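Listed below, chain by chain, are the residues.
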Amino acid sequence: MWKLPKQIEQLNQESIEQARMRHDQLTKPPGSLGMLEEIGIRLAGIQGATIPTAEPAAVVVMAGDHGVTEEGVSAFPSEVTVQMVLNFMAGGAAINVLARNAGADVHVVDIGVKADIPLEQVQAGNSGNRLWIEKVRYGTGNMAKEPAMTRDEAEQALSVGWKIGRELSVQGYKVIALGEMGIGNTTASAAIASVLTGKPVPEVVGAGTGLSTEGIRHKSEVIERAIATNAPDPQDPVDVLAKVGGLEIAGLTGLTLACAAHRVAVVVDGFIASAAAIAAVRIEPAVQPYLFASHKSVEPGHRILLEALDLQPLFDFSMRLGEGSGASLALPVLQGAARVLKEMATFAEAGVSDGVS
Ligand SMILES: Cc1cc2ncn([C@H]3O[C@H](COP(=O)(O)O)[C@@H](O)[C@H]3O)c2cc1C
Ligand SMILES: O=C(O)c1cccnc1
């Protein structure tokens, strides 16, 4: 079993208590900022600081291809994965806009794209964007016929994610948003969700990039075949990632674990990032309090994963994009939660009368 290079510690209870006490001294009725207070207090526990910060932040977009696309499970062709990597580097994708909106950097990782990234086409000069070439293999195998990858490859992908998480923590990032790109990855995510939660496949399958009702039925059949062919062990999350997962999904699992081990908060995005997060929680349950859920995706399996993760999404905007788009949109909420603890005046400082009871 893949072992964490560094253990994940519990949140700092003293910082949590101190942040809670400070919140009650700020010029507002106690508790009146609701969930924003809870977010700030949890950030304090993660960072071991009464006054936490959610800046700087980065979104890490892991990209990988899926052999199962040859079964016709996506409304788009695999080539879109590499094309979108170029778009991310040029700054023109939704994630670039939403990361800029949040003041966050974008780190794009080729962990398993089917093609080599044409580096001559990567546009230079987009400050804050970085491309990591960390390819474990050229796309996964078709899981309807064979394991998506070997256990060794799954462990390599976990280690790539771990390395990046550790490096970003050293660079000083306080919050990491999970992003992904990989045509076919809602198929892998649904397989992971079904195996790890025990829910029947049709309950966790959705339209992805836009399948018809008939397309969704076919996708369910393919996933059922993949699970029957590979028999992933639900008690062994690395086996599940290897047999029916994806390189970018396993990479995000390793990244999530590394962030928590280095006391960096993680904002989980939609269905695919949540499939990576549930694998992380099954590998090491202590990761859970380091996670924040941004939104509830349209993908029907996302609600099931959020319940399994015991996370409350911040918003439901009928989003179904991925890339880290929802997680990036949630970053200003975390930034607001931290800044309130830092910048609001206390009753004593502002000369405002305290509550009477
Ligand atoms: C242009 C384009 C940009 C995207 N950005 C994210 N996804 C999203 O769609 C894919 C998953 O859906 P499925 O399993 O149906 O293929 C992933 O790449 C996900 O990140 C995109 C999809 C497309 C087509
Ligand atoms: O929820 C997601 O992350 C999602 C849903 C559909 C397609 N791509 C991503």
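Every chain is numbered on its own, with residues counted from 1 as its sequence reads. By the order in which they are written, chains take letters starting at A while ligands take numbers starting at 1. Two thresholds apply to this predicted model, a pLDDT of at least 70 for residue-level local features and 80 or more for giving and counting side-chain atom pairs, whereas whole-chain, interface and lining totals are computed over all residues.

Per an unreviewed UniProt entry, the protein chain carries the name Nicotinate-nucleotide--dimethylbenzimidazole phosphoribosyltransferase and comes from Effusibacillus lacus. Its UniProt record gives the protein chain a comment under Pathway (unreviewed entry), which states: "Nucleoside biosynthesis; alpha-ribazole biosynthesis; alpha-ribazole from 5,6-dimethylbenzimidazole: step 1/2." UniProt positions are given in the numbering used here, feature names are shortened, and annotations may be inferred rather than shown by experiment.

(A) Fine view of the UniProt feature "active site" (unreviewed entry) in the protein chain. The UniProt record annotates "active site" (unreviewed entry) at Glu323. By the convention adopted here, residues are in contact when the distance between their C-beta atoms, placed from the backbone, does not exceed 7 Å. Setting aside chain neighbours within four positions, we find glutamate 323 in contact with Val61, Ala93, Ala94, Ile95, Gly179, Glu180 and Met181.

(B) Spotlight on the confidence of the model for the protein chain. Per-residue confidence for the protein chain gives a mean pLDDT of 97, with 99% of residues at or over 70. Model confidence for the complex is summarised by a pTM of 0.98, with the ipTM given as 0.99. Per-residue confidence from the predictor is reported as pLDDT, a score between 0 and 100.

(C) Broad picture of helix α6 (residues 185-197). Put simply, DSSP marks the helices as runs of H or I at least four residues long and the strands as runs of E at least two long, and each gets a number from the N terminus on. Working rule for helices: expected span equals 1.5 Å times residues minus one. Helix length check: α6, at 13 residues, gives a terminal C-alpha distance of 18 Å against a target of 18 Å (1.5 Å per residue), a fit within 8%. Partly exposed residues are those falling between the two cut-offs: more than 12 but fewer than 20 other C-beta atoms within 10 Å of their own, whereas 20 or more means buried and 12 or fewer means exposed, with C-beta atoms placed from the backbone. Counted residue by residue, α6 has 12 buried out of 13 residues, so it is predominantly covered.

(D) How the structure looks around the site of ligand 2. By convention here, the C-beta atom is placed from the backbone, and a residue is near a molecule or strand when that atom is within 6 Å of it. Neighbouring ligand 2 are 13 residues; Gly270, Phe271, Ser297, Arg320 and Gly322 lie closest to it. Grouping the constituent residues of the shell around ligand 2 by class yields 3 nonpolar, 7 polar and 3 charged. Side-chain classes follow a simple rule in which Ala, Val, Leu, Ile, Met, Phe, Trp, Tyr, Cys and Pro form the nonpolar group, Asp, Glu, Lys and Arg form the charged group, and the remainder, Gly included, forms the polar group.

(E) Representation of the packing of α6 against helix α9 (residues 237-244) within the structure. Think of each axis as a best-fit line through the C-alpha atoms, taken over the contacting stretch in the case of a helix, with angles from 0 to 180 degrees between the N-to-C directions. Packing of α6 against α9 brings their axes to within 10 Å, and their N-to-C directions diverge by 150°. Comparing the axis directions of α6 and α9 gives the class roughly antiparallel. The hand of the α6/α9 crossing is right-handed. Residue-level contacts link Ala188, Ala191, Ile192, Val195 and Leu196 of α6 to Pro237, Val240 and Val244 of α9. Here the residues of the contact of α6 with α9 are counted per class, giving 8 nonpolar, no polar and no charged. Each angle is binned into one of four classes, with values under 35 degrees roughly parallel, values over 145 roughly antiparallel, values of 65 to 115 roughly perpendicular, and all other values oblique. In a left-handed crossing the near helix is turned counterclockwise from the far helix by less than a right angle, and in a right-handed crossing that turn is clockwise.

(F) Quick look at the sheet that holds strand β5 (residues 265-268). Two strands qualify as a pair provided DSSP detects at least 2 bridges between them. If you trace the 6 strands from one edge of the open sheet to the other, you get β3-β2-β1-β4-β5-β6, paired in parallel fashion. The open sheet is flanked by β3 (129-133) and β6 (291-293), the only strands paired with a single partner. Across the sheet, the mean angle separating the axes of adjacent strands is 25° when strand polarity is ignored. As paired strands, β5 and β6 are joined by 3 bridges and run parallel to one another. Residue pairing across strands places valine 268 opposite alanine 293, the latter belonging to β6. Of the strands in this sheet, β4 (175-181), β5 and β6 are in contact with helix α11 (residues 271-283), which crosses β4 at around 115°. Relative to the sheet, helix α13 (residues 325-343) contacts β1 (57-64), β4, β5 and β6, its axis offset from that of β4 by approximately 170°.

(G) Structural view of the packing of α6 against helix α8 (residues 213-230). As a packed pair, α6 and α8 sit with axes 10 Å apart at the nearest point and diverge in direction by 60°. Considering their axes alone, α6 and α8 lie oblique with respect to each other. Here α6 runs over α8; the crossing is right-handed. Where α6 abuts α8, its residues Thr187, Ala190, Ala191, Ser194 and Val195 lie against Lys219, Val222, Ile223, Ala226 and Ile227. Partitioning the contact of α6 with α8 into residue classes produces 7 nonpolar, 2 polar and 1 charged.

(H) Spatial organisation of the site of ligand 1. Residues in close proximity to ligand 1 total 18 residues, the closest being Ser74, Thr186, Gly208, Thr209 and Gly322. Counting residues per element, the ones that place at least two in the shell around ligand 1 are α3 (79-90), β4 and α6. Sort the elements by how many residues they give to the shell around ligand 1 and α6 lands first, with 3 residues. Residue classes in the shell around ligand 1 are distributed as 7 nonpolar, 9 polar and 2 charged.

(I) Layout of unusual backbone geometry. A cis amide bond links glutamate 55 with the next residue in sequence, proline 56, at an omega value of 0°. Secondary-structure assignment places proline 56 in the loop between α2 (34-47) and β1. Despite not being glycine, arginine 263 shows a phi value in the positive range, around 60°. If you trace the backbone, arginine 263 turns up in the loop between α10 (247-261) and β5. Here arginine 263 falls in the partly exposed class, since 18 other C-beta atoms lie within 10 Å of it. In the Ramachandran plot, aspartate 310 falls in the positive-phi region, its phi being about 60° despite a non-glycine side chain. Here aspartate 310 shows up in the loop between α12 (300-309) and α13.

(J) Quick peek at the pairing of β4. In terms of burial, β4 is largely enclosed, as 7 of its 7 residues are buried. Side chains of β4 alternate between two faces, with Val175, Ala177, Gly179 and Met181 and Ile176, Leu178 and Glu180 buried alike. Alignment of β1 against β4, held across 7 bridges, turns out to be parallel. Directly across from alanine 57, in β4, lies its bridge partner valine 175. Bridge analysis of β4 against β5 gives 3 bridges, and the strand direction is parallel. Of the residues in β5, the one forming a bridge with isoleucine 176 is valine 266.

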